[in-house]
Amino acid sequence: MAAAAATGARSWFGGGGGGGTSGSGSGSGSGSRMGSPASSPKLGGGGKGRPQPGPSGQGPGPGQEPVPKSSATPAAPPGHSFRKVTLTKPTFCHYCTDFIWGLAGFQCEVCNFMSHEKCLKHVKIPCTCIAPSLVRVPVAHCFGTPGHYKKKFCIVCRKPLDSPAFRCEVCELYVHADCVPFACSDCRQCHQDGHQDHDTYHHHWREGNLSSNVRCEVCKKTCGSSEVLSGMRCEWCGILAHTACYAVVTPECTFGRLKNMILPPNCVRLSSRNFSKMHCFRISESIHTEPDDVDDAVDAGPAPGSLKDAQVSTDSSKQTLKIFDGNDAVKRNQFRLITIPRIAKTGEVVEAALRAYYINEDHRDFELQTLAQQAMADCATHKNGGPEDFGSTSLPYVFRESIPEAWIIHAKPKDHEVIKIYPAWLKVGMAYVSIRIDKESTAQTVMKEVLPLLGRQAESLKNFRLVEVLMGSKQVQRMTLTDEELILNRLRDIRKTSIRQMNQTRFYVVENEDATTQVSLFVGGLPTQLSAEEYTHILKENLAIKTNLVTVTHVYASQGAVVLDISCFSEAERIYMLIKDTVVQDKQLIGIVIPEVMHTKLPSNCCPLLVFVNPKSGGLKGRDLLCSFRKLLNPHQVFELTNGGPFPGFHMFSQIPCFRVLVCGGDGTVGWVLGALEDIRHKLTCPEPSVAILPLGTGNDLGRVLRWGAGYSGEDPFSILVSVDEADHVLMDRWTILLDAQDVVENTENGLVDPEPPKIVQMNNYCGIGIDAELSLDFHHAREEEPGKFTSRFHNKGVYVKVGLQKISHTRNLHKDIRLQVDQHDVELPNIEGLIFINIPSWGSGADLWGSDNDSRFEKPRIDDGLLEVVGVTGVVHMGQVQGGLRSGIRIAQGSYFRVTLLKPIPVQVDGEPWVQSPGHMIISAAGPKVHMLKKSKQKPKKGTGSMKDTRMESFGGLEGELK
């Protein structure tokens, strides 16, 4: 009746053990070791079904007949069904990547794997039809917007991505739109969620889509190909290997060159339940440009008429049939097309229909029914309370030309089946037990039979439950079965809904735990400067939160944000969905799911990198960098600044004793993050994290000073992270500017103008008053009018030039409109049109405004000397000469405390953010402790990083080669 659990070998997906066929099977009644060619199921060809082999591949199991090996086709490797085909165009072997000479090759009828005859016996890559059974821990993918990907191949059908296709935002999986439903839920496991959590990580192998020049870690020979899907890569450490070599690589993954920067998955806990992966990783849903079509494609399967294999045959001897795999597909009108001869045997047609849905089960267990017959069967079932067999009259023995064009796959009813039960508590490897069930078998009787086989016979049944897991490519869904649930009826219902879903369904026996539910939700967009009680009142009023389930644990009053701890999944999901449609004081609320970082489990040498990316910076290159950094690191440590700003990231990292920050954006973005860091510094265990910059803006003056370059132009993201890891630590002054307009009022025709309330801004680079700020203000207005045109650094600089030429004939007397005090001493100003306070030796996209000449009156400027340099410019022409390196500015003063009196409204800009300041005072002083920055080292990359760099560059180098 049952057999002991069998632990499988390391699987090709997640570095764990192999597994049995998901859901159920009708072959042997014993557990079998999966992942080896000898023991893998076969899907036969030529209209004859091939039952699965018996235990350990030693022949047929009970109730099975031996299948003679075809003389024309060698023994099928893992799950493949190879047949000899005639080649009509240049073709390459998917195993050795060499050209197939001659007119004949061997192709899998299911997944299109192509091979030399000599390579068949060496093939280890499983067929797509058994891929779900080899997933150790099911983890759903995050599919972004469809795009065109150059020289990439679909992981399901192995064909080139000639049409818009999907790419996972977390791992290197590429798939056609109509293949998405058949993709395995084998994404990287980036956090612990209470399901099969473990501390030891194995390599997470992904096949193919490697460049042709990468080399195998084992044999040092080329292992990539731009012609076929071939070669293996670990998606954590980036190690590369041939499909014939990767099995000998040490199973444990050390995360490679970036191990000290990666937030270890076993240190992150997130109980997500029904939160989608997009929500868990804070991936903006706005990237879906066609949400309706895309969601249909991902959730339900290929859209009608959009199948790449759906062309109607023009061969007069062929006919095309619509095939539905269940009632759900019929409701959604989602079908697959198959082409068969005008006259074909029933078995051949059923087998072709199963192959279209990547099903590897025996075709004799299925039949095709017309939609009318299926409706009659459903009515009979509903009326009589039980299934009625229409199979005997549903199909003729031979399909002829006059048959209906639409059919539905129907599983024949069975009195007993063999199902596989997986123990959910297994930490390493993978195992299952196979047991036979009948019409009387319930979830309780199944557990009663399974537990002794798993060595848990001494424990009470009340401590366990049976969980049904649907391993969808976009979402893994879990449902606990009641003790009285009839398993056979449940299997029949699943197959009636979708044969494909049955192939992606597993049953786990799970221990009941008293673990408390805790979901942390960051809520932003609230009014600022309120108390915890006032925020709680607002949330109760607008979101109807239940105070017995929801607690406000952290308040960031200056940002109008709070963090909620919620002890109920359904309440967390309700609040999260309601936030999307809630506006408070004309401001949209923002909700972000925040994982818990278990800082006590972090390795002693771990200093994870917190990454902030502004996707709107750098001509929208930030969007590509987001995807690249999510794949190179743990996606939980990468934050999109347009979704909640920097505070969610700093809050998540607040308990980590040592971490670094990478800001991807312009100088304004860097200032935003540094300002947030200053506000939250007192709440961080690591109060002074070092900050690196990836410049994406127009000027990028701070990035230039710290050697990160004039702007990002497609460099390899992996090399950027290595540079961050090797960067030098430096200190930088920050300055506070107090804007106070209360002491000065202006007489106008209408009387007195009410003064503006005082406000404080932070300065990192420079502050300009007069012509410099006026040009920035005009540029800012032009960008607000037509933001779509300001997507390139070159265009932005062109607009600056145009604005400057329009101001070239204007004359101003700024020295008459302002007064300057430096360190309590009045300073007489020369005849100037602009006054600029500089903290770094770069202004206006790299110009040296202070100059390099020695001057005994002043100290040599440094970014950490606690001093600001004051420089004047006489006009637009003078600014142009400074930009061209022909002149420098007029040196006026150097000090640590400044008081500027504005006698009339004057344009002011701080770090590129301009406005018109009313008459009053500006007080500039040092802003507390110096900030720790990372300056790119001049040293060459350390030895030993070359192999890893080659590994990563083939995936991410330049970004332009992959995404067009």
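Here we summarise the structure given alongside this text. Note that the structure is a prediction, hence the values are computed from the model and not measured.

Okay, helix H10 (residues 532-543) next. Owing to its 3.6 residues per turn, the α-helix aligns residues three or four sequence positions apart on the same side. Across its twelve residues, H10 extends 16 Å between first and last C-alpha, which sits within 8% of the 16 Å expected from 1.5 Å per residue. Where H10 is concerned, the buried positions are Tyr 535, Ile 538, Leu 539 and Leu 543. An end-on view of H10 places all buried positions within 95° of arc, on one side of the element. Turned more than 90 degrees from where H10 packs its buried face, Glu 533, His 537 and Glu 541 sit exposed.

Looking at where Leu 868 falls in the secondary structure, it is placed in strand S43 (residues 868-873). With 30 residues separating them along the chain, Leu 868 and Phe 898 place their C-alpha atoms 9.1 Å apart. Those residues in contact with Leu 868 that sit more than four places away from it in its chain are Trp 735, Met 763, Phe 837, Ile 838, Asn 839, Ala 893, Gln 894, Gly 895, Phe 898 and Ile 924.

Turning to its location among the elements, Thr 346 is positioned in helix H4 (residues 346-356). Each C-alpha atom of the pair Thr 346 and Leu 368 lies 8.6 Å from the other, and the pair is 22 residues apart in sequence.

Okay, the packing of aromatic side chains next. The full count for this structure, using the stated rule, is 20 aromatic pairs. Measuring from centroid to centroid gives 5.6 Å for Phe 92 and Phe 99, while their planes differ by 80°, and the two rings are edge-to-face. For Phe 92, a relative accessible area of 23% translates into the label partly exposed. With relative accessibility at 29%, the residue Phe 99 sits in the partly exposed group. A connected cluster of aromatic rings, assembled from ring pairs, spans Phe 92, Phe 99 and Trp 101. Across the ring face of Trp 236, the terminal group of Arg 188 is positioned such that the distance to the ring centre comes to 4.3 Å.

Below, the discussion takes up the pattern of salt bridges. According to the stated counting rule, one finds 30 salt bridges in the structure shown. The salt bridge partner of Glu 726 is Arg 257, with a shortest N-O separation of 3.2 Å. Residue Glu 726 is found in the loop between helix H16 (717-725) and strand S34 (728-732), and its partner Arg 257 is found in the loop between strand S10 (240-241) and strand S11 (268-269); the two are separated by 469 residues along the sequence. For Glu 726, a relative accessible area of 16% gives the class buried. Among the ionic pairs, Asp 725 bridges to Arg 660, the shortest N-O distance being 3.1 Å. Of this pair, Asp 725 sits in helix H16 while Arg 660 sits in strand S32 (residues 660-665), and the two are 65 residues apart along the sequence. A residue is classified by how much of its surface remains accessible, and Arg 660, at 9% relative accessible area, is buried.

Each regular strand carries side chains that alternate between the two faces of the sheet. Here strand S17 (residues 406-411) lies mainly inside the structure; six of its six residues are buried. Here S17 shows no split at all, with Ala 406, Ile 408 and His 410 on one side and Trp 407, Ile 409 and Ala 411 on the other all buried. Looking at chain direction, strand S12 (residues 318-324) and S17 are connected through three bridges and run parallel. From the neighbouring strand, Ile 323 faces S17, where its bridge partner is Trp 407. Strand direction decides the pairing type here: strand S15 (residues 366-370) and S17, joined by five bridges, are antiparallel. Bridging from a neighbouring strand, Thr 370 pairs with Trp 407 of S17.

Mapped onto the elements of the fold, His 191 is located in the loop between strand S7 (174-176) and strand S8 (205-207). Judged by its relative accessible area of 8%, His 191 falls in the buried class. Of note is the side chain of His 191, whose polar atom sits 2.8 Å from the side chain of His 636. Excluding its chain neighbours within four sequence positions, the residues that come into contact with His 191 are Pro 265, Val 268, Leu 270, Phe 281 and His 636.

Calculation criteria
- Residues numbered from 1 in each chain as written.
- Predicted model: local features only at pLDDT ≥ 70, side-chain atom pairs only at ≥ 80, totals over all residues.
- Heavy atoms only, no water.
- Helix = DSSP H or I, 4+ residues; strand = E, 2+ residues; numbered from the N terminus.
- Expected span 1.5 Å × (residues − 1).
- Buried < 20%, exposed > 50% of the residue type's maximum accessible area, 1.4 Å probe, protein only.
- Arc of directions from axis to C-beta.
- Contact = heavy atoms within 4.5 Å.
- Phe/Tyr/Trp six-rings, centres within 6.5 Å; stacked < 30°, edge-to-face > 60°.
- Lys NZ or Arg CZ within 6 Å of the ring centre and 35° of its normal.
- Salt bridge = Lys/Arg side-chain N within 4 Å of Asp/Glu carboxyl O.
- Pairing = 2+ DSSP bridges.
- Polar contact = N/O pair within 3.5 Å; in protein donor to acceptor, adjacent residues only side chain to side chain.

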